Amino acid sequence: MSLTQLINKPCSIISRSPGSTPNEFGWKDRAESVTSTVCEIQQDMANENAGDNDMSKTRWRIFFPVGTEIDADDVVSVDGLEYEVDGEAWAVRNPRTQTMSHVEANVVRVGTGGGS
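Residues numbered from 1 in each chain as written. Predicted model: local features only at pLDDT ≥ 70, side-chain atom pairs only at ≥ 80, totals over all residues. Heavy atoms only, no water.

Trainee: How would you explain the side chain of T68 if you had to name every residue and give the values?
Mentor: One can find T68 in the loop between β3 (55-64) and β4 (75-78). Within the local environment of T68, its side chain forms a polar contact with the backbone oxygen of P65, the two atoms lying 2.8 Å apart. Each residue touching T68, except ones within four places of it in the same chain, is listed here: I13, T37 and V103. (Helix = DSSP H or I, 4+ residues; strand = E, 2+ residues; numbered from the N terminus. Polar contact = N/O pair within 3.5 Å; in protein donor to acceptor, adjacent residues only side chain to side chain. Contact = heavy atoms within 4.5 Å.)

Trainee: Outline the nonpolar core, listing residues and values.
Mentor: One finds I41, I62, F64, I70, V76, V78 and V107 to be the most contacted residues of the largest nonpolar core, which totals 15 residues. Of all the elements in the fold, those that place two or more residues in this core are β1 (9-22), β2 (28-49), β3, β4, β5 (81-85) and β7 (99-112). Leave out the neighbours within four places in its chain, and F64 touches I7, C11, I13, T37, V38, C39, I70, V76, H102 and V103. (Core = buried A, V, L, I, M, F, W, Y, C linked by side-chain atoms within 4.5 Å. Buried < 20%, exposed > 50% of the residue type's maximum accessible area, 1.4 Å probe, protein only.)

Trainee: Which residues make up unusual backbone geometry, and what are the values?
Mentor: Backbone geometry places D79, a non-glycine residue, at a positive phi of 55 degrees. Positionally, D79 belongs in the loop between β4 and β5. We classify D79 as exposed; its relative accessible area is 60%. If you check the backbone angles, Q98 has positive phi at about 60 degrees while not being a glycine. Turning to its location among the elements, Q98 is positioned in the loop between β6 (90-94) and β7. The exposure class assigned to Q98 is exposed, which follows from its relative accessible area of 58%.

Trainee: Go over a negative patch on the surface, please, and point to the residues and values.
Mentor: Residues E69, D71, D73 and E88 make up a contiguous surface patch of negative charge. Positionally, D73 belongs in the loop between β3 and β4. (Patch = residues over 30% accessible without salt bridge, like charges linked within 9 Å, V, L, I, M, F, W, Y side chains within 5 Å. Areas by Shrake-Rupley, 256 points an atom, 1.4 Å probe, with all protein chains shown as cover. Salt bridge = Lys/Arg side-chain N within 4 Å of Asp/Glu carboxyl O. Lys, Arg positive; Asp, Glu negative; His and termini not counted. Charge placed at Lys NZ, Arg CZ, Asp CG, Glu CD.)

Trainee: Report on the pattern of salt bridges, specifying residues and quantitative values.
Mentor: Per the stated rule, a full pass over the model turns up four salt bridges. R59 is the partner of D44 in a salt bridge, and the nearest nitrogen-oxygen pair spans 3.9 Å. Within this pair, whereas D44 is found in strand β2, its partner R59 is found in strand β3, the two being separated by 15 residues in sequence. Taking relative accessible area as the criterion, D44 reaches 44% and is therefore assigned partly exposed. Three or more residues joined by partner-sharing salt bridges are found here, namely D44, R59 and D86.

Following this line, the structure appears as structure tokens:
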């Protein structure tokens, strides 16, 4: 089975860029564009803080087909959940074939619990 057959989960990349029109507070709103693609996402690490307002942070590694464009301030939506790109994505080279095999990025998901 080839790597392109394994990268098959539908997802969207939400690309953010500075907008041109300031809002009522003087900040320029972000312009967003959405690109549909496929990916594979796998959990890399999870942290959870105990307390009244539990907060969890999970780190994931996400894989895209060659040629996928994704930047450090983009968001990836997979199965209705959003993950923020953490750092720069990179094109991965297969040393055996000497060709690019896929694009890889680290993403994080941060959430809070209700506490009792």
